[in-house]
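Observations on the three-dimensional arrangement
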2 protein chains.
Amino acid sequence: MSCDSFVLSAIRGLTPYQTGKPIDALQREFGLTRISKLASNENPLGCSFEVVTACQAILEGMARYPDGAGFALKSAISQHFKLDAAGLVLGNGSNDVLELIGRTFAGAGDEVIFSQYGFAVYSITAQAIGATAVQVPAKDYGHDLMAMAAAVTPKTKLIYIANPNNPTGTCFGQTEWDAFMSVVPSTVMVVLDEAYTEYVTRPDYADGLRELAKYPNLIVTRTFSKAYGLAGFRLGFAAATAEVASYINRVRQPFNVNSLALVAGVAALADQDFVKEAVAVNKKEMALWQQALSMLNLSWIPSQGNFLCVDMQRPALPIYEALLREGVIVRPVGAYGLPNHLRISIGTDEENMHGIEALTRVLQSL
Amino acid sequence: MSCDSFVLSAIRGLTPYQTGKPIDALQREFGLTRISKLASNENPLGCSFEVVTACQAILEGMARYPDGAGFALKSAISQHFKLDAAGLVLGNGSNDVLELIGRTFAGAGDEVIFSQYGFAVYSITAQAIGATAVQVPAKDYGHDLMAMAAAVTPKTKLIYIANPNNPTGTCFGQTEWDAFMSVVPSTVMVVLDEAYTEYVTRPDYADGLRELAKYPNLIVTRTFSKAYGLAGFRLGFAAATAEVASYINRVRQPFNVNSLALVAGVAALADQDFVKEAVAVNKKEMALWQQALSMLNLSWIPSQGNFLCVDMQRPALPIYEALLREGVIVRPVGAYGLPNHLRISIGTDEENMHGIEALTRVLQSL
């Protein structure tokens with residue numbers, strides 16, 4: 001007998017997030033040895049050596065449960081970002097806090113707003129909690145904040161915003177943010193996902209953590225998976241008022257963040273030189289990619305992240321597959337309604353040269 | 001302005017799971033140096049050294065996302081337990097899979113059945129998803145399976161069962177299980193949580209993994225946090241039919257299990273000698289505790305786990321607090337409706353001697 005009929009109807013229609021192809025999966029399938037993964041916006045430099053050392057020191061004590069309150073990491077985040085520790089929620093990656101926020105504030109019959117081309121986790125979360133997903137058309141591939149504000153109805157509970165956005169790399173400034181927040185009702189929670197904040201270069205960036213004091217209905221999320229290089233550990237956090245955080249923490253699994261992630265986060269925060277180096281390498285290597293793409297007569301969406309969303313001017317999936325055979329993993333974004341684009345993460349110099357050479361060969365063979 | 005009014009009503013009433021007091025929290029508060037934590041049913045032997053070695057080998061690659069499909073670990077679980085890998089769901093601890101199951105099959109208006117004194121995560125999950133929690137009175141502190149079956153209504157979607165149960169240690173046998181499953185409708189999902197299965201000594205234990213082939217509406221959950229000693233990593237899994245697993249996997253966050261837990265699980269499964277030793281030490285040390293408790297004229301609920309739920313014959317909270325001042329952390333279970341009991345995890349010989357001496361002193365001082 002099939003269990004179809006007793007699964008929740010919202011879940012039956014759910015399509016899970018498509019992850020980047022893991023390196024060992026490609027090795028298994030194609031028997032390749034030289035593989036460059038430019039698919040998941042990871043930090044190509046790895047993580048700080050301080051993180052490795054801190055983890056080694058606790059590996060023999062891993063039979064104990066983690067500190068469910070995350071005391072030491074919350075203290076470190078609180079000090080580094082000058083935030084009230086009572087307003088923090090730690091997550092198993094920022095995906096976890098984004099989902100917890102959805103489950104705290106929205107349910108069946110409620111509306112959740114996000115942008116066309118917005119990060120996939122917003123629509124997946126809205127669907128999984130049985131809420132109505134309201135996708136607002138983008139403007140130049142970016143968030144049309146005023147249109148999003150105009151989409152608010154009495155049923156709206158949450159607005160998810162990514163700045164910069166993934167997979168497009170688009171980013172808005174302080175003026176647009178101020179205008180948006182001035183019209184959003186204070187009964188709607190605004191979730192500002194700043195996973196790529198460390199890479200931003202535009203001087204008028206609206207830093208969410210600085211904005212928290214102004215808006216009790218603002219929740220800012222950050223991740224350690226990108227510039228801090230801790231994707232494999234799973235660590236992110238949300239910052240909000242103490243009251244909002246206390247509600248989200250009720251829904252949180254008591255041990256959602258593992259002990260190594262807690263220790264890695266403290267060590268990673270302490271090594272800001274590593275973050276600066278990662279950001280510098282990203283800037284230099286992104287320029288290399290842009291030069292190569294120009295020579296290939298390809299255009300890209302201007303990006304404030306650690307990736308470029310490139311217009312291949314034809315269906316991108318065959319190019320993605322041809323690149324796999326060359327040992328280069330990038331990310332198709334057809335599921336985002338961008339079937340002609342590929343998202344390319346900025347790697348190390350060696351990985352980028354591999355990627356550029358492979359892309360050049362693949363395009364020549366078409 | 002308070003956000004009270006726009007938090008989901010089910011969440012407003014939620015009381016989060018109370019975790020065991022972490023060792024460093026006690027150190028901070030009381031300035032103690034000798035601390036024995038007998039509070040969270042952890043493995044007092046730590047974890048297999050193979051786990052430590054396997055983790056060290058990947059620490060420098062942690063900037064990459066985990067394999068979201070958990071290919072290697074699912075293969076290892078599949079081989080070790082002789083299960084179809086397609087029927088597996090990996091979780092960030094078994095708490096994660098228990099919650100994912102709830103979110104897949106039950107929502108507002110549905111009923112979720114569990115036993116009085118049943119593991120707290122069942123009622124928390126039912127509440128968080130807005131379902132109606134139906135608690136069935138226990139029989140001799142254990143699950144009254146026939147009463148639970150009798151509580152099924154057309155609205156029942158899930159029955160959570162722990163065997164052995166935490167915090168009581170009670171365990172039922174094959175005959176009771178067979179009788180129960182013969183009357184539960186096949187449209188109700190039965191979740192059999194076997195977190196403590198490795199410690200069971202009763203010969204007529206109904207091993208859930210063996211039962212899977214009989215019942216398409218059965219989901220068995222297992223953890224690596226107890227006998228395998230991986231609590232700090234966060235790792236558990238559910239086993240069911242491939243169809244049921246595919247639905248639960250849709251709700252799962254794509255990277256819910258971190259890279260170190262994936263590797264630790266494979267290494268831990270390969271070292272069954274470690275598990276055998278942990279089980280043997282538990283048996284021997286539990287006998288020591290039982291002897292000491294008898295001498296203190298205290299009784300306990302017969303336990304098939306790695307802990308004893310002890311009747312203090314008076315309000316247990318003051319005894320818990322006096323033990324903290326002695327550097328011994330045990331678990332009060334008043335929130336389970338057992339205000340006179342304390343749950344004591346079986347530790348190493350040294351920890352148990354510390355616990356027994358401290359308890360003796362505390363009881364004498366009352």
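Residues numbered from 1 in each chain as written. Chains lettered and ligands numbered in written order. Predicted model: local features only at pLDDT ≥ 70, side-chain atom pairs only at ≥ 80, totals over all residues. Heavy atoms only, no water.

The next subject is the overall build of chain A. When helices and strands are tallied, chain A shows 14 helices and 13 strands. Rg of the C-alpha trace for chain A: 21 Å, near the compact-globule value of 21 Å for 366 residues, within the 12% margin. Projecting the C-alpha coordinates of chain A onto the three principal axes gives extents of approximately 60 × 55 × 50 Å. Per-residue burial over chain A gives 63% buried out of 366 residues. A sequence separation of at least 24 residues applies to 75% of the contacts in chain A between residues at least 6 apart. Surface summary for chain A: the accessible area is close to 13,200 Å², and the carbon and sulfur share equals 54%. Once the 28 positive and 34 negative side-chain charges of chain A are each reduced to a mean point, those two points are 3 Å apart. (Helix = DSSP H or I, 4+ residues; strand = E, 2+ residues; numbered from the N terminus. Rg over C-alpha atoms; globule rule 2.2 N^0.38 Å. Buried < 20%, exposed > 50% of the residue type's maximum accessible area, 1.4 Å probe, protein only. Contact = heavy atoms within 4.5 Å. Areas by Shrake-Rupley, 256 points an atom, 1.4 Å probe, with all protein chains shown as cover. Lys, Arg positive; Asp, Glu negative; His and termini not counted. Charge placed at Lys NZ, Arg CZ, Asp CG, Glu CD.)

Time to look at the pattern of salt bridges. Taken as a whole, this structure holds 26 salt bridges over all chains when the rule is applied. In this structure, lysine 37 of chain B and glutamate 42 of chain B form a salt bridge, with 2.8 Å as the shortest nitrogen-oxygen distance. Residue arginine 222 of chain B pairs with aspartate 207 of chain B through a salt bridge whose shortest N-O separation is 3.4 Å. Of this pair, arginine 222 of chain B sits in strand β7 (residues 218-223) while aspartate 207 of chain B sits in the loop between β6 (189-193) and α9 (208-211), and the two are 15 residues apart along the sequence. Salt bridges linked by common partners bring Lys37, Glu42 and Glu351 of chain A together with Arg64 of chain B together as one network. (Salt bridge = Lys/Arg side-chain N within 4 Å of Asp/Glu carboxyl O.)

Before going further, it helps to examine the nonpolar core. Counting 114 residues, the largest nonpolar core has Trp177, Phe180 and Phe233 of chain A together with Trp177, Phe180 and Phe233 of chain B as the members making the most contacts within it. Among residues more than four places away in sequence, those in contact with tryptophan 177 of chain A are Leu145, Ile161, Phe172, Val190, Leu192, Ala206, Glu211, Tyr215 and Leu218 of chain A. (Core = buried A, V, L, I, M, F, W, Y, C linked by side-chain atoms within 4.5 Å.)

Moving on, we get to the interface of chain A and chain B. Counting residues at the interface gives 72 residues for chain A and 72 residues for chain B. Of the roughly 6,700 Å² buried between chain A and chain B, counting both surfaces, carbon and sulfur atoms make up 58%. Summed over the three residues of chain A that lose the most area to chain B, namely Phe6, Arg64 and Tyr65 of chain A, the buried surface amounts to 11% of that side. Along the contact surface separating chain A from chain B lie six salt bridges. For the interface between chain A and chain B, the tally reads 34 residue pairs in polar contact (both at pLDDT 80 or more). Contributing elements (two or more residues each) for the side of chain A that touches chain B: α1 (9-12), α2 (23-30), α3 (49-56), α5 (94-105), α10 (242-251) and α11 (259-270) of chain A. (Buried area = accessible area lost by both parts, 1.4 Å probe. Polar contact = N/O pair within 3.5 Å; in protein donor to acceptor, adjacent residues only side chain to side chain.)

Before going further, it helps to examine the packing of aromatic side chains. By the definition in use, this model includes 24 aromatic pairs over all chains. Aromatic pair tyrosine 65 of chain B and phenylalanine 255 of chain B: ring centres 4.7 Å apart, planes at 35°, arrangement tilted. Residue tyrosine 65 of chain B is located in the loop between α3 (49-56) and α4 (71-81), and its partner phenylalanine 255 of chain B is located in the loop between α10 (242-251) and α11 (259-270); the two are separated by 190 residues in the primary sequence. Each member of the pair tyrosine 65 of chain B and phenylalanine 255 of chain B is classed as buried. Aromatic side chains phenylalanine 224 of chain B and tyrosine 228 of chain B sit 5.0 Å apart centroid to centroid with 50° between the ring planes, which places their arrangement in the tilted category. Owing to a relative accessible area of 2%, phenylalanine 224 of chain B belongs among the buried residues under this scheme. With a relative accessible area of 4%, tyrosine 228 of chain B lands in the buried category. Each member of the aromatic cluster is reached from another via a ring pair, and the members are Tyr17, Phe119, Tyr122 and Tyr160 of chain A. Of note, arginine 28 of chain A hangs over the ring of phenylalanine 71 of chain B, and the distance from its end group to the ring centre comes to 3.6 Å. Above the plane of the ring of phenylalanine 307 of chain A lies arginine 343 of chain A, whose end atom (NZ or CZ) is 5.8 Å from the centre. (Phe/Tyr/Trp six-rings, centres within 6.5 Å; stacked < 30°, edge-to-face > 60°. Lys NZ or Arg CZ within 6 Å of the ring centre and 35° of its normal.)

What follows covers helix α13 (residues 317-325) of chain B. Residues and elements named next belong to chain B. For α13, the full list of buried residues reads Ile319, Tyr320, Ala322, Leu323 and Leu324. In the core, the buried residues of α13 are packed alongside α2 (23-30), β11 (328-329), β12 (331-333), β13 (338-345) and α14 (349-364). Looking one or two residues past α13, glycine 327 carries a phi angle of roughly 85°, positive in sign.

Structurally, serine 40 of chain B can be placed in the loop between β1 (36-37) and α3. Since its relative accessible area comes to 5%, serine 40 of chain B is described here as buried. At 3.5 Å, the side chain of serine 40 of chain B and the side chain of arginine 331 of chain B are in polar contact. In contact with serine 40 of chain B, not counting residues within four places along its chain, are Tyr65 of chain A together with Gly20, Lys226, Arg331, Arg343 and Ser345 of chain B.

Residues and elements named next belong to chain A. Taken domain by domain, chain A holds domain 1 (4-46 + 273-365) and domain 2 (49-271). For domain 1 versus domain 2, the distance between C-alpha centres works out to 24 Å. Contact with domain 2 buries surface across domain 1, with Val275, Gln304 and Tyr336 losing the most and accounting together for 27% of the total. Put simply, domain 1 and domain 2 have 13 residue pairs in polar contact (both at pLDDT 80 or more) between them. Those elements that provide at least two residues to the side of domain 1 that touches domain 2 are α1, α12 (272-295), β10 (307-311) and β13 (338-345). The element best represented in the side of domain 1 that touches domain 2 is α12, accounting for six residues. Here the side of domain 1 that touches domain 2 is built from residues that sort into 16 nonpolar, 13 polar and three charged. (Domains from an automatic or database assignment. Nonpolar A, V, L, I, M, F, W, Y, C, P; charged D, E, K, R; others polar.)

This part takes up the environment of asparagine 258 of chain B. Residue position: asparagine 258 of chain B is located in the loop between α10 and α11. Sequence separation between asparagine 258 of chain B and leucine 218 of chain B is 40 residues; the distance between their C-alpha atoms is 27 Å. Look past the residues within four positions of asparagine 258 of chain B in its chain and what remains in contact with it is Gly232, Phe233, Arg234 and Asn258 of chain A together with Pro66, Phe233 and Arg234 of chain B. Within polar-contact distance, the side chain of asparagine 258 of chain B engages the backbone nitrogen of leucine 260 of chain B at 3.1 Å.

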